[in-house]
Amino acid sequence: IMKAYDTSAKTLRSVLKHPLLQMSSIEQTMENMSEALADHKEIEDAISLGNEDAQRAAGVVEPDESELADELAALVEEQVQEQREQEAVRKAQEDKAKVDKIPSLPAALSGAVSPPISTPVRQANGAAAQNPDRSTQTAMRTDQDQKDDSLETAT
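Asker: Could you give an account of the overall build of the protein, naming the residues involved and the relevant values?
Answerer: Counting its secondary structure elements, the protein contains six helices and zero strands. Listed N to C, the secondary structure of the protein is α-α-α-α-α-α in terms of helices and strands. A burial count over the protein gives 3% of its 155 residues as buried. A total accessible area of about 14100 Å² is found for the protein, and carbon and sulfur atoms account for 59% of it.

Asker: Quick one: what's the story with the confidence of the model for the protein, residue by residue and with numbers?
Answerer: Model confidence for the protein is summarised by a mean pLDDT of 76, while 63% of its residues fall at 70 or above. Here helix α5 (residues 125-130) is the element of the protein with the lowest mean pLDDT, 49, and helix α1 (residues 2-16) is the one with the highest, 91. Predicted confidence is poor over residues 123-129, with pLDDT under 50, and the contacts of this stretch with residues over four places away or in other chains come to five contacts.

Asker: How would you sum up the pattern of salt bridges? Please name residues and give values.
Answerer: Scanning the model with the defined rule gives five salt bridges in all. For Lys41, the salt bridge identified is with Asp45, shortest N-O distance 3.4 Å. Separated by four residues within a single helix, Lys41 and Asp45 lie in helix α2 (residues 23-58), roughly one turn from each other. We classify Lys41 as partly exposed; its relative accessible area is 45%. One salt bridge connects Asp95 with Lys91, and the closest N-O pair in it is separated by 3.9 Å. Separated by four residues within a single helix, Asp95 and Lys91 lie in helix α3 (residues 65-101), roughly one turn from each other. Taking the relative accessible area as the measure of exposure, Lys91 reaches 46% and is therefore partly exposed.

Rules of the game
Residues numbered from 1 in each chain as written. Predicted model: local features only at pLDDT ≥ 70, side-chain atom pairs only at ≥ 80, totals over all residues. Heavy atoms only, no water. Helix = DSSP H or I, 4+ residues; strand = E, 2+ residues; numbered from the N terminus. Buried < 20%, exposed > 50% of the residue type's maximum accessible area, 1.4 Å probe, protein only. Areas by Shrake-Rupley, 256 points an atom, 1.4 Å probe, with all protein chains shown as cover. pLDDT = per-residue confidence, 0-100. Contact = heavy atoms within 4.5 Å. Salt bridge = Lys/Arg side-chain N within 4 Å of Asp/Glu carboxyl O.

In structure tokens form, the structure reads like this:
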């Protein structure tokens, strides 16, 4: 391990002996770089000032920041309002779809009055034989009519 350290140190010293890596050369390079950056800054400032002068000469006015902020706020509010309206329309459509899915109630449950069944008080034997349900309804109706009649006479 010590031999590797010794070899590395010798190699580093030999690389640093190169004339471009001497302290005076490094200082000169940094000074040149600083001058180049200063020149760049001067050119950049000249372009910026020239651009401002050109804008003033052309009559270009910088936009007012408060006007831009107000316009942005109005656009944001308009977008929020549109989203609310779209949400309301979507909700209304969903509600309508839910209502459309509800099965309709039979007439008796929905409060509608169905037309009375007109049945004769007494049916012939042939009619009762052909439609047994109808004869049962007629018999029930006859019993109800008799009860109603007895209640009317009692009062």
